[in-house]
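Chain residues, written in single-letter form:
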Amino acid sequence: MQRGFQRRSTRLQKLRPRSPLVLPLIKENADLTRKIDDVQIQVSRLRASLARGDAPLRYWVLHIGVYLLAPVVLLLGAHYVITVAFNVQLIYLRLGSIAIPIPFGFALLWFSHQGVRWAVGYGAAVGAVAVAGMLVVVGSIDNVPILPEDAREWREVAEYAASIMLAFATGNVLAALLQRLLPRTLEATSAPGPAALVLARLTGGHVGSATLRRRAQKIQGNFGTIGTAMGALGTAGGSLYTGIRALMGGG
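Residues numbered from 1 in each chain as written. Predicted model: local features only at pLDDT ≥ 70, side-chain atom pairs only at ≥ 80, totals over all residues. Heavy atoms only, no water.

## Side note on the overall build of the protein chain
- Counting its secondary structure elements, the protein chain contains nine helices and zero strands.
- Element order for the protein chain, N to C, with α for helix and β for strand: α-α-α-α-α-α-α-α-α.
- For the protein chain, the computed accessible surface area is about 15900 Å², with 66% contributed by carbon and sulfur atoms. (Helix = DSSP H or I, 4+ residues; strand = E, 2+ residues; numbered from the N terminus. Areas by Shrake-Rupley, 256 points an atom, 1.4 Å probe, with all protein chains shown as cover.)

## Quick word on unusual backbone geometry
- Even without a glycine there, the phi angle at His113 is positive, about 60°.
- For His113, the position within the fold is in the loop between helix 5 (101-110) and helix 6 (116-142).
- By relative accessible area, which is 30% here, His113 ends up partly exposed.
- Positive phi, normally seen in glycine, also occurs at Asn143, with a value near 55°.
- Structurally, Asn143 is set in the loop between helix 6 and helix 7 (151-181). (Buried < 20%, exposed > 50% of the residue type's maximum accessible area, 1.4 Å probe, protein only.)

## Looking at the packing of aromatic side chains
- Inspection of every chain in the model, using the stated rule, returns six aromatic pairs.
- An aromatic cluster is built from Tyr59, Trp60, Tyr67, Trp118, Tyr122 and Phe168, whose rings are joined through pairwise contacts.
- The side chain of Arg94 reaches across the aromatic face of Tyr160, ending 4.0 Å from its centre. (Phe/Tyr/Trp six-rings, centres within 6.5 Å; stacked < 30°, edge-to-face > 60°. Lys NZ or Arg CZ within 6 Å of the ring centre and 35° of its normal.)

## Digging into the pattern of salt bridges
- Scanning the entire structure with this criterion turns up one salt bridge.
- Between Arg152 and Glu156 there is a salt bridge, and its shortest N-O distance comes to 3.5 Å. With Arg152 and Glu156 both in helix 7, this residue pair falls four residues apart, about one helical turn.
- Since its relative accessible area comes to 48%, Arg152 is described here as partly exposed. (Salt bridge = Lys/Arg side-chain N within 4 Å of Asp/Glu carboxyl O.)

## Some details on helix 3 (residues 56-85)
- The largest bend in helix 3 comes to about 35°, at Gly65.
- Among the residues of helix 3, Tyr59, His63, Tyr67, Leu68, Pro71, Val72, Leu75, Ala78, His79, Ile82 and Thr83 are the ones counted as buried.
- Immediately downstream of helix 3, the backbone of Asn87 shows phi near 55°, a positive value. (Bend = angle between axes of the 7 residues up to and from the residue.)

## Observations concerning the packing of helix 3 against helix 5
- Close contact between helix 3 and helix 5 brings their axes to 10 Å; oriented N to C, the two are set at 170°. When the axes of helix 3 and helix 5 are compared, the pair comes out roughly antiparallel. The chirality of how helix 3 crosses helix 5 is right-handed. Contacts from Val66, Tyr67, Ala70, Pro71 and Leu74 of helix 3 reach helix 5 at Phe104, Ala107 and Leu108.
- Broken down by class, the residue content of the contact of helix 3 with helix 5 amounts to eight nonpolar, no polar and no charged. (Axes fitted to C-alpha atoms, helices over the stretch in contact; angles between N-to-C directions. Parallel < 35°, antiparallel > 145°, perpendicular 65-115°, else oblique. Left-handed = near helix turned anticlockwise from the far one by under 90°. Contact = heavy atoms within 4.5 Å. Nonpolar A, V, L, I, M, F, W, Y, C, P; charged D, E, K, R; others polar.)

## Digging into the nonpolar core
- In terms of nonpolar packing, the biggest core is built from 22 residues, with Leu75, Val126 and Phe168 touching the most fellow members.
- Elements supplying a minimum of two residues to this core: helix 3, helix 5, helix 6 and helix 7.
- Not counting residues within four places of it along the chain, the set of residues in contact with Leu75 comprises Gly96, Ser97, Ile100, Val126, Ala130, Met134 and Ile164. (Core = buried A, V, L, I, M, F, W, Y, C linked by side-chain atoms within 4.5 Å.)

## Remarks on the environment of Gln114
- Within the fold, Gln114 resides in the loop between helix 5 and helix 6.
- Not counting chain neighbours up to four residues away, the residues in contact with Gln114 comprise Ala48, Arg52, Tyr59, Leu108, Leu109 and Asn172.
- Of the polar contacts made by the side chain of Gln114, one reaches the side chain of Tyr59; its length is 3.0 Å. (Polar contact = N/O pair within 3.5 Å; in protein donor to acceptor, adjacent residues only side chain to side chain.)

## Some points on the side chain of Thr83
- Tracing the chain through its elements places Thr83 in helix 3.
- Polar side-chain contacts of Thr83 include one of 2.4 Å to the backbone oxygen of His79.

By themselves, these observations are geometric and do not establish any function.
Structure representation (structure tokens):
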């Protein structure tokens, strides 16, 4: 009986940190990881700001061509093919109008280092110009008034443009989410918090301290992506909702 108690005490002692110097080093590495991430974001934003200041004409011509004109042309092309050339159901146009802006919003953050505020601005411009072009095409071909005639039609137009804007923002948020999910060399050294340790204990049985710590680190690493993932789901859901609502005539 006494020997069994001693063996249990020995096991509990093994679960404790072997050196009081380990935790300070872990915390220092975690702080360095956060600082490195902050510096990388600041450097990317600074480069984008310097590019705007050093060669503003080249910068804006390139960005307007890539992030405004290109998606507008693709949206107008999809609109013509779906509604005029093949005259199929409008649900395909709404889905295409959501799918086309997403990669441009993604590239805006991934390559140009511009966040969601820029994505909303570009998305709003793309939505407004593309929907205006679609109205002109429909009015010219069907010989009907170009501008909406009542409040309901104006609301449908606004909701359609909003769905394009939200799709653009969704791509930007997805790029931010992917950046968070990329492996980091120092992330494995971060100290798991109390909540992560509790969840690690609840999700498994009796395991060693090293296994418990790795499990807690993995859980804690996922905590940082939840907010970004929720943002992506929110903007994507909003884009789908406004697009389908516009398709159904506002209910």
